[in-house]
Amino acid sequence: TSARYKIYIVDEVHMLSKNAFNALLKTLEEPPAHVKFIFATTEIRKIPVTVLSRCQRFDLRRVDEETLSKHLIDVADSEGAQISKSALRLVARAADGSVRDGLSLLDQAMAHGSALVDDQEISNMLGLADRSQTFLLFESVLKGDIVSALATFEQLYGDGADPSIIINDLLEITHWLTRIKIVPSAGDDLGVPEIERVNGKAMAEKLSMASIARAWQMLLKGLNE
């Protein structure tokens, strides 16, 4: 009643019906001087062009994994939480660029964990596959060693890893190998976990780009199905 502006924040604005958007148009076209609307959405394509053309648009980009990891480390330190840095990197990776999701997962980890939360506890919490086992699975599949591949997959599944996450991890490994093939110096980046640097280099030397590309296509199709 006394502030200079009235701010209306409409979250998940794409959920409004077509009639609701039409009702807003006149107000958006000629808003009172003291009113500001803020529309938030993750589905920009669902907003009618007539509404978009009357708004200023700000795209909030994903936060890269390294920046998010540092932020989570700072939060964990300020909260006095005993969580290993490698475990926090797993949380940052699972957050997929969202600070909000990262903090929610960190909160779970702090409530979930014992004195010191390590990679294993975070992996169990998130249903992630063990990275070394995923590399082993990838290698077995490309060698055509189906018995070994099925046994490894069964073990990962038995340990609680979600099958779709396993395929996602295999896709990440495929992408990582492609990067090393194209830019070999990427394999020397100290910011990358040791297992990925060592295993990645060894596998990239053995595999042709054609077989890596074929693996990518098959895994992508498998993930969709």
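Keep in mind that this is a model prediction, so the values were computed, not measured. (Residues numbered from 1 in each chain as written. Predicted model: local features only at pLDDT ≥ 70, side-chain atom pairs only at ≥ 80, totals over all residues. Heavy atoms only, no water.)

Caption draft 1: Examining the packing of aromatic side chains more closely. All told, the structure shown has 2 aromatic pairs when counted by the stated rule. Here the aromatic rings of Phe-37 and Phe-39 are separated by 5.9 Å at their centres, their planes lie at 40°, and the arrangement is tilted. Given a relative accessible area of 28%, Phe-37 falls into the partly exposed group. One aromatic cluster is present, built from ring pairs that chain together Tyr-8, Phe-37 and Phe-39. (Phe/Tyr/Trp six-rings, centres within 6.5 Å; stacked < 30°, edge-to-face > 60°. Buried < 20%, exposed > 50% of the residue type's maximum accessible area, 1.4 Å probe, protein only.)

Caption draft 2: The nonpolar core, seen in detail. By size, the foremost hydrophobic cluster in this structure holds 20 residues, and its most contacted members are Leu-137, Phe-138, Ile-166, Leu-170 and Leu-177. Those elements that provide at least two residues to this core are helix H7 (131-143), helix H8 (146-158), helix H9 (163-182), helix H10 (194-206) and helix H11 (209-224). Ranked by size, the runner-up nonpolar core spans 19 residues in total, among them Leu-72, Leu-88, Leu-90 and Ala-95. (Core = buried A, V, L, I, M, F, W, Y, C linked by side-chain atoms within 4.5 Å. Helix = DSSP H or I, 4+ residues; strand = E, 2+ residues; numbered from the N terminus.)

Caption draft 3: Spatial organisation of the pattern of salt bridges. For the structure on display, the rule yields 8 salt bridges. Of the charged contacts, one joins Arg-57 and Asp-59 as a salt bridge, the two residues approaching to 3.1 Å between their closest N and O atoms. Since its relative accessible area comes to 53%, Asp-59 is described here as exposed. Put simply, Glu-172 and Arg-93 hold a salt bridge, and the shortest N to O gap is 3.6 Å. Remark: Arg-93 occurs in helix H4 (residues 85-95) and Glu-172 occurs in helix H9; sequence separation between them is 79 residues. On the accessibility criterion, Glu-172 (34% relative accessible area) is partly exposed. Here Arg-93 falls in the partly exposed class, since its relative accessible area comes to 21%. Three or more residues are tied together by salt bridges with common partners; here these are Arg-93, Asp-169 and Glu-172. (Salt bridge = Lys/Arg side-chain N within 4 Å of Asp/Glu carboxyl O.)

Caption draft 4: Representation of the packing of H7 against H9 within the structure. Where H7 contacts H9, the two axes come as close as 10 Å, and the packing angle between them is 75°. When the interaxial angle is binned, H7 and H9 end up roughly perpendicular. Contact with H7, carried on its side by Arg-131, Thr-134, Phe-135, Leu-137 and Phe-138, involves Ile-166, Asp-169, Leu-170, Glu-172, Ile-173, Thr-174 and Leu-177 of H9 and no other residues of that element. Split into classes, the residues belonging to the contact of H7 with H9 amount to 7 nonpolar, 2 polar and 3 charged. (Axes fitted to C-alpha atoms, helices over the stretch in contact; angles between N-to-C directions. Parallel < 35°, antiparallel > 145°, perpendicular 65-115°, else oblique. Contact = heavy atoms within 4.5 Å. Nonpolar A, V, L, I, M, F, W, Y, C, P; charged D, E, K, R; others polar.)

Caption draft 5: Molecular detail of the packing of helix H3 (residues 65-79) against H4. Running from N to C, H3 and H4 point in directions that differ by 125°, and their axes come no closer than 9 Å. Taken together, the axes of H3 and H4 are oblique relative to one another. Read as a crossing pair, H3 and H4 show a hand that is right-handed. Here H3 contributes Glu-65, Leu-68, Ser-69, Leu-72, Ile-73 and Ala-76 to the contact with H4, which in turn contributes Lys-85, Leu-88, Arg-89, Val-91, Ala-92, Arg-93 and Ala-95. Here the contact of H3 with H4 is composed, by residue class, of 8 nonpolar, 1 polar and 4 charged. (Left-handed = near helix turned anticlockwise from the far one by under 90°.)

Caption draft 6: Looking closely at the environment of Leu-90. For Leu-90, the location among the structural elements is in helix H4. Counting along the chain gives 16 residues from Leu-90 to Leu-106, while the straight-line C-alpha distance between them is 10 Å.

Caption draft 7: Up close: helix H1 (residues 18-29). An ideal rise of 1.5 Å per residue puts 16 Å on 12 residues; H1 measures up with 17 Å between its terminal C-alpha atoms. What H1 keeps buried is the set Phe-21, Leu-24, Leu-25 and Leu-28. An end-on view of H1 places all buried positions within 135° of arc, on one side of the element. Away from the buried face of H1 by more than 90 degrees, exposed residues Asn-19, Ala-23 and Lys-26 are located. Residues of H1 that are buried in the fold lie against strand E2 (35-39) and helix H2 (49-52). (Expected span 1.5 Å × (residues − 1). Arc of directions from axis to C-beta.)

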